[in-house]
Amino acid sequence: MKTLEKLTLATATAATATALGISIRQYLRVRSERVFRLAAGESPYERRHPKPRHA
């Protein structure tokens, strides 16, 4: 029974670490995208409120 408990704990730990790694990677990607947009001169307001396109 000890082996099953260790295996379960290892699996749960690996799943948590993977989910945490993915969320950290997502945060860094979004953050770097924001920095690049600011460096290009686009304001955060423009990002959330785009100007309507005129045909």
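The rules behind these values
- The written sequence of each chain sets the order in which its residues are numbered from 1.
- Per-residue local features of the predicted model are confined to residues with pLDDT of at least 70, and side-chain atom pairs are confined, for both listing and counting, to 80 or more; whole-chain, interface and lining totals are unaffected and use all residues.
- Hydrogens and waters are ignored; side-chain quantities use all the structure's heavy atoms.
- Each helix is a run of H or I in the DSSP string that is no shorter than four residues. Each strand is a run of E no shorter than two, and both are numbered from the N terminus.
- In a helix, the anticipated span is given by 1.5 Å times the number of residues less one.
- Here a cavity denotes grid points, spaced 1 Å and computed from the protein atoms alone, that fit a 1.4 Å probe unable to get out, and a pocket denotes an open set having protein on both sides within 12 Å along at least 5 of 7 lines; residues with an atom within 4 Å of a point are the lining.
- Grid points are joined across faces, edges and corners, and a volume is the space filled by probe spheres set on the points.
- We count a salt bridge whenever a side-chain nitrogen from Lys or Arg sits within 4 Å of a carboxyl oxygen from Asp or Glu.
- Exposure categories follow from relative accessible area, calculated using a 1.4 Å probe and restricted to protein chains: below 20% of the type maximum is buried, above 50% is exposed, and the middle band is partly exposed.

### Looking at helix 1 (residues 2–39)
- The terminal C-alpha atoms of helix 1, which comprises 38 residues, lie 55 Å apart, in line with the 56 Å expected from a rise of 1.5 Å per residue.
- Phi turns positive, to about 100°, at glycine 41, one or two residues after helix 1.

### Things to note about the layout of surface pockets
- Considered as a void within the structure, the largest pocket measures approximately 230 Å³ in volume.
- Contributing to the lining of the largest pocket are Val30, Arg31, Glu33, Arg34, Arg37, Leu38, Glu42, Ser43, Pro44, Arg47 and Arg48.
- The set of elements that each furnish at least two residues to the lining of the largest pocket consists of helix 1 and helix 2 (44–48).
- No other element matches helix 1, which puts six residues into the lining of the largest pocket.

### Details of the pattern of salt bridges
- Applying the stated criterion across every chain, the model contains two salt bridges.
- Glutamate 33 is the partner of arginine 37 in a salt bridge, and the nearest nitrogen-oxygen pair spans 3.4 Å. Of the two residues, arginine 37 and glutamate 33 both sit in helix 1, four residues apart, roughly one turn of that helix.
- Look at arginine 37 and you get partly exposed, because its relative accessible area is 28%.
- Of the residues examined, glutamate 33 reaches a relative accessible area of 29% and is grouped as partly exposed.
- Of the charged contacts in the structure, one is a salt bridge between glutamate 42 and arginine 37, with a shortest N-O distance of 3.3 Å.
- Looking at glutamate 42, the relative accessible area reads 25%, which means it is partly exposed.

Everything listed is a geometric property; what it means functionally is a separate question.
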